[in-house]
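Breakdown of the fold
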Amino acid sequence: MAAKVIDGKAFAATVREKVAGHVARLKEEHGITPGLAVVLVGEDPASQVYVRSKGKQTVEVGMNSYEHKLDAGTSEADLLALIDQLNTDPAVHGILVQLPLPKHLNEDLVINAIDPAKDVDGFHISNVGLLGTGQKSMVPCTPLGCLMMLRDVHGSLSGMDAVVIGRSNIVGKPMAQLLLGDSCTVTIAHSRTKDLPDVVRRADIVVAAVGRPQMVPGDWIKPGATVIDVGINRIDAPEKGQNEDGSVKTRLVGDVDYDSCAQVAGAITPVPGGVGPMTIACLLANTVTACCRANGLPEPEGLTA
Ligand SMILES: Nc1nc2c(c(=O)[nH]1)N[C@@H](CN(C=O)c1ccc(C(=O)N[C@@H](CCC(=O)O)C(=O)O)cc1)CN2
Ligand SMILES: [Mg+2]
């Protein structure tokens, strides 16, 4: 039987609706409007698209959006000074520095300069430590979105075998911590893992986050398993023809070979329209959570891990 397709676009819309409801209540009952500051350094075209989308969606759910666009040559000192200013600004409840940063900037240093309570990306070392020890933290948006979708499909994840392929700080590691928090038996696999196909075949849940186009074929998937594809890779699509400038057209694919995996899996996220839209929805959710925490108010239910 063909897999159930997990519609991340539709799911993200329900998350945004919940966020908008909380924002409206914060305004009505407490006179507070959550604010999100997004910092973009340089002109990376994909980052520009994501930042524009973040600003637009922030405003659509009723929050204040503060965009800071700095040129590619901005010094570390100037970027740190801006973060300092945002850390102390009471109208700003969430701060996000769009990644990747230009090469001359030290990402760790910059991220760790953000007030952990405003770190809506959940990348600050304090939040990493809190998540790793099962304490209340800000949770990275992409893994949080994956967790929400998995809970929606399965209800309880307790006792399930989960394999996370990829060990990045942004997705693989926090994803593994979240699955552990939901009582899965978790394996983190990566480029050096021996017998990767057999490791993946044991899994009830496969989260692929390696950044290698269509790397996971259907015959690695246990029948009925749930496949969450975090990859967003652009590949040539000669079947679509050429652009006006003569270059070959492209298309987006994930880290799993969708067609073959969908024939075996019980449920699967598509690319595009799966995990990607959940990332920004969870950013909005984290901003409301940060705002509630900053004001000593109860946290919104269903929007945190
Ligand atoms: N500070 C951060 N930087 C980056 C993050 C992040 O969470 N925080 N994640 C990515 C980029 N990203 C958000 O910033 C992001 C990536 C993809 C999508 C998305 O919706 N993708 C669509 C396809 C988009 C397309 O057509 O190109 C999809 O998968 O359907 C949203 C957000 C790196 N940087
Ligand atoms: Mg760097």
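Just so it is clear, the structure is predicted and the values come from calculations on it, not from any experiment. Position numbers for residues count from 1 along each chain, tracking the sequence in the order it is written. Chain A is the first chain written and ligand 1 is the first ligand written, with later ones labelled in order. Only residues with pLDDT of at least 70 are given local features in this predicted model, and only at 80 or more are side-chain atom pairs given and counted; all residues enter the totals for whole chains, interfaces and linings.

What to know about the UniProt feature "domain: Tetrahydrofolate dehydrogenase/cyclohydrolase catalytic" (unreviewed entry) in the protein chain
UniProt records the feature "domain: Tetrahydrofolate dehydrogenase/cyclohydrolase catalytic" (unreviewed entry) for residues 6-121 in the present numbering. In the segment residues 6-121, helix accounts for 49% and strand for 16%; the C-alpha atoms at its two ends are 24 Å apart. UniProt positions are given in the numbering used here, feature names are shortened, and annotations may be inferred rather than shown by experiment. Labels follow the DSSP assignment, with helices taken as runs of H or I lasting at least four residues and strands as runs of E lasting at least two, numbered in each case from the N terminus.

A word on the environment of Met160
Within the secondary structure, Met160 sits in the loop between helix 6 (141-154) and strand 5 (161-165). Sequence spacing of Met160 and Leu180 is 20 residues, and the spatial spacing of their C-alpha atoms is 9.9 Å. Note on contacts: each residue gets a C-beta atom placed from the backbone, and two residues are in contact if those atoms are within 7 Å. Among all residues touching Met160, those that are not within four sequence positions of it are Cys184, Asp204 and Ile205.

Some points on the site of ligand 1
What surrounds ligand 1 is a group of 17 residues, the closest being Tyr50, Leu99, Pro272, Gly276 and Thr279. If you list the elements that add at least two residues to the shell around ligand 1, you get strand 4 (94-97), helix 6 and helix 10 (275-294). Under the grouping applied here, Gly and all other residues not named as nonpolar or charged are polar, the nonpolar ones being Ala, Val, Leu, Ile, Met, Phe, Trp, Tyr, Cys and Pro and the charged ones Asp, Glu, Lys and Arg. When its residues are assigned to classes, the shell around ligand 1 shows 11 nonpolar, 5 polar and 1 charged. Domain start and stop positions are those given by an automatic or database domain assignment. A domain split of the shell around ligand 1 shows at least three residues from each of domain 1 (30-125) and domain 2 (141-277). Note on definitions: a residue is near a molecule or strand provided its C-beta atom, placed from the backbone, lies within 6 Å of it.

Thoughts on unusual backbone geometry
Cis geometry marks the peptide bond from Leu99 to Pro100; its omega dihedral reads 5 degrees. Looking at the element boundaries, Pro100 is found in the loop between strand 4 and helix 4 (107-111). Val271 connects to Pro272 through a cis peptide bond whose omega is -5 degrees. When you line up the elements, Pro272 lands in the loop between strand 11 (267-268) and helix 10. Positive phi is not limited to glycine here, since Ser183 has a value of about 65 degrees. Of note, Ser183 is situated in the loop between helix 7 (172-181) and strand 6 (185-189). Phi at Asp195 takes a positive value of approximately 50 degrees, unusual for a residue other than glycine. Note that Asp195 resides in the loop between strand 6 and helix 8 (196-201).

So, the nonpolar core
Structurally, a nonpolar core is described as a collection of buried Ala, Val, Leu, Ile, Met, Phe, Trp, Tyr and Cys residues joined by way of C-beta atoms within 7 Å. Three exposure classes are used, based on other C-beta atoms lying within 10 Å of a residue's own C-beta, which is placed from the backbone: buried for 20 or more, exposed for 12 or fewer, and partly exposed in between. Counting 91 residues, the largest nonpolar core has Val164, Val206 and Val207 as the members making the most contacts within it. Here the element with the most residues in this core is helix 10; it accounts for 12 residues. If you count residues domain by domain, this core takes at least three from each of domain 1 (30-125) and domain 2 (141-277). Contacts of Val207, omitting those with residues within four sequence positions, involve Cys146, Ala162, Val164, Ile165, Met175, Ile228 and Val230.

Points about the sheet that holds strand 6
Any two strands between which DSSP finds at least two bridges are classified as paired. Spatially, 1-11-8-7-5-6 is the arrangement adopted by the 6 strands of the open sheet, whose pairing is parallel. Every interior strand has two partners, whereas the edge strands, strand 1 (4-5) and strand 6, have only one. As paired strands, strand 5 and strand 7 (residues 205-208) are joined by 4 bridges and run parallel to one another. Of the residues in strand 7, the one forming a bridge with Ile165 is Ala208. On the sheet, helix 6 packs against strand 7, strand 8 (226-229) and strand 11 and is oriented at approximately 160 degrees with respect to strand 8. Each axis is a line fitted through C-alpha atoms, and for a helix only the stretch in contact is used; angles between axes span 0 to 180 degrees, taken between their N-to-C directions.

As for the domain arrangement of the protein chain
The domain boundaries assigned to the protein chain delineate domain 1 (30-125) and domain 2 (141-277). Once you take the C-alpha centre of each, domain 1 and domain 2 turn out to be 27 Å apart.

Overview of the environment of Thr58
Examined against the element boundaries, Thr58 turns out to sit in helix 2 (residues 45-60). In this structure Thr58 comes out as buried when scored by C-beta crowding, with 26 C-beta atoms within 10 Å. The spatial distance from the C-alpha of Thr58 to the C-alpha of Leu147 is 22 Å, given a sequence separation of 89 residues. If we ignore the near neighbours within four places in the chain, the residues touching Thr58 are Leu36, Met63, Ser65 and Leu284.

A few points about the confidence of the model for the protein chain
Residue-level confidence of the predictor is what pLDDT reports, using numbers from 0 through 100. Per-residue pLDDT for the protein chain averages 98, and the proportion of residues at 70 or more is 100%. Taken together, the chains of this predicted complex give a pTM of 0.98 and an interface ipTM of 0.97.

Section: the UniProt feature "domain: Tetrahydrofolate dehydrogenase/cyclohydrolase NAD(P)-binding" (unreviewed entry) in the protein chain
The sites that carry the UniProt feature "domain: Tetrahydrofolate dehydrogenase/cyclohydrolase NAD(P)-binding" (unreviewed entry) are, in the present numbering, residues 140-293. Spanning residues 140-293, this segment combines 36% helix with 18% strand, and its end C-alpha atoms are found 17 Å apart.

As for helix 10
Taking 1.5 Å per residue, 20 residues should reach 28 Å; helix 10 reaches 28 Å between its end C-alpha atoms and fits that length. Across the 20 residues that make up helix 10, a large majority, 18, are buried. Taken from the residues just after helix 10, Gly296 is the one with a positive phi, measuring 65 degrees. Given a helix with a known number of residues, its expected span is that number minus one, times 1.5 Å.

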